[in-house]
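# An overview of the molecular structure
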Amino acid sequence: LAKTYGIKVNGLTGAAFGAVSGMVSTFVAFPIESMRRKLQAQGTGGRPVIYSGLIDTFRQVLAANGVRGLYVGCAANIVKMAPAQAITFGCMDALKPVVTKWATSK
């Protein structure tokens, strides 16, 4: 990043990129995770078995609610994942020079 775009990588830029990566990855992976949860929850606690598999789950959700049905609850996960990834990336980028300096001085 520093060589290509001239952006200094530090804890703050790491946090920003981490937040964006958390939002994008959550948005991309959410439909499959949502379908997995629906399959997992069916048949437990007195719930009826509605879906026969992953493809059937997608078909039924799309038929009932359209594409929006695939993303029900996604905003809450984005709100959760953006700060979590920001902290992870920010700490990693802030501590990497310190740890590298410490490790090479031994």
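Residues numbered from 1 in each chain as written. Predicted model: local features only at pLDDT ≥ 70, side-chain atom pairs only at ≥ 80, totals over all residues. Heavy atoms only, no water.

### Some points on the pattern of salt bridges
Under the defined criterion, the tally for this structure stands at one salt bridge. The partner of Glu-33 in a salt bridge is Arg-36, and the shortest N-O contact between them spans 2.9 Å. Highlighted residues: Glu-33 and Arg-36, both in helix α2 (residues 11-41), separated by three residues, approximately one helical turn. (Salt bridge = Lys/Arg side-chain N within 4 Å of Asp/Glu carboxyl O. Helix = DSSP H or I, 4+ residues; strand = E, 2+ residues; numbered from the N terminus.)

### Quick notes on the packing of α2 against helix α3 (residues 54-65)
One can describe the packing of α2 onto α3 by two numbers: an axis separation of 10 Å at closest approach and a directional angle of 105 degrees. By the angle between their axes, α2 is roughly perpendicular relative to α3. Contacts between α2 and α3 pair Pro-31, Ile-32, Met-35, Lys-38 and Leu-39 from the former with Leu-54, Thr-57, Phe-58 and Val-61 from the latter. When grouped by side-chain class, the residues that make up the contact of α2 with α3 number seven nonpolar, one polar and one charged. (Axes fitted to C-alpha atoms, helices over the stretch in contact; angles between N-to-C directions. Parallel < 35°, antiparallel > 145°, perpendicular 65-115°, else oblique. Contact = heavy atoms within 4.5 Å. Nonpolar A, V, L, I, M, F, W, Y, C, P; charged D, E, K, R; others polar.)

### Looking at the packing of aromatic side chains
Evaluated as defined, the whole model comprises one aromatic pair. Relative to Tyr-71, the ring of Phe-27 lies with its centre 4.6 Å away and its plane at 15 degrees, an arrangement referred to as stacked. Taken as a pair, Phe-27 in helix α2 and Tyr-71 in the loop between α3 and α4 (74-104) lie far apart in primary sequence, 44 residues in all. (Phe/Tyr/Trp six-rings, centres within 6.5 Å; stacked < 30°, edge-to-face > 60°.)

### Concerning a nonpolar patch on the surface
Residues Val-20, Met-23, Val-24, Phe-27 and Val-28 make up a contiguous nonpolar surface patch of about 440 Å² in total accessible area. Positionally, Val-20 belongs in helix α2. (Patch = residues over 30% accessible without salt bridge, like charges linked within 9 Å, V, L, I, M, F, W, Y side chains within 5 Å. Areas by Shrake-Rupley, 256 points an atom, 1.4 Å probe, with all protein chains shown as cover.)

### As for α3
Under the 1.5 Å per step criterion, the end-to-end length of α3 is 16 Å for 12 residues, consistent within 8% with the ideal 16 Å. Positive backbone phi, approximately 75 degrees, marks Gly-66, located one or two places after α3. (Expected span 1.5 Å × (residues − 1).)

### Considering the environment of Val-20
You can call Val-20 partly exposed: its relative accessible area is 44%. Considered as a pair, Val-20 and Pro-83 are 63 residues apart in the sequence and their alpha carbons are 9.5 Å apart. (Buried < 20%, exposed > 50% of the residue type's maximum accessible area, 1.4 Å probe, protein only.)

### As for the environment of Val-24
Mapped onto the secondary structure, Val-24 falls in helix α2. Taking the C-alpha atoms as reference, Val-24 lies 8.5 Å from Ile-78; in sequence the two are 54 residues apart.

### Comments concerning the side chain of Thr-26
Along the chain, Thr-26 turns up in helix α2. Not counting the four nearest positions on each side in its chain, Thr-26 is found in contact with Cys-74, Asn-77, Ile-78 and Met-81.

### A closer look at α4
Helix length check: α4, at 31 residues, gives a terminal C-alpha distance of 43 Å against a target of 45 Å (1.5 Å per residue), a fit within 8%. At Leu-95, α4 shows its strongest bend, of approximately 40 degrees, with the proline Pro-97 following within four residues. Those residues of α4 not exposed but buried are Cys-74, Asn-77, Ile-78, Ala-82, Ala-86, Gly-90 and Asp-93. At its buried positions, α4 is contacted by α2. (Bend = angle between axes of the 7 residues up to and from the residue.)

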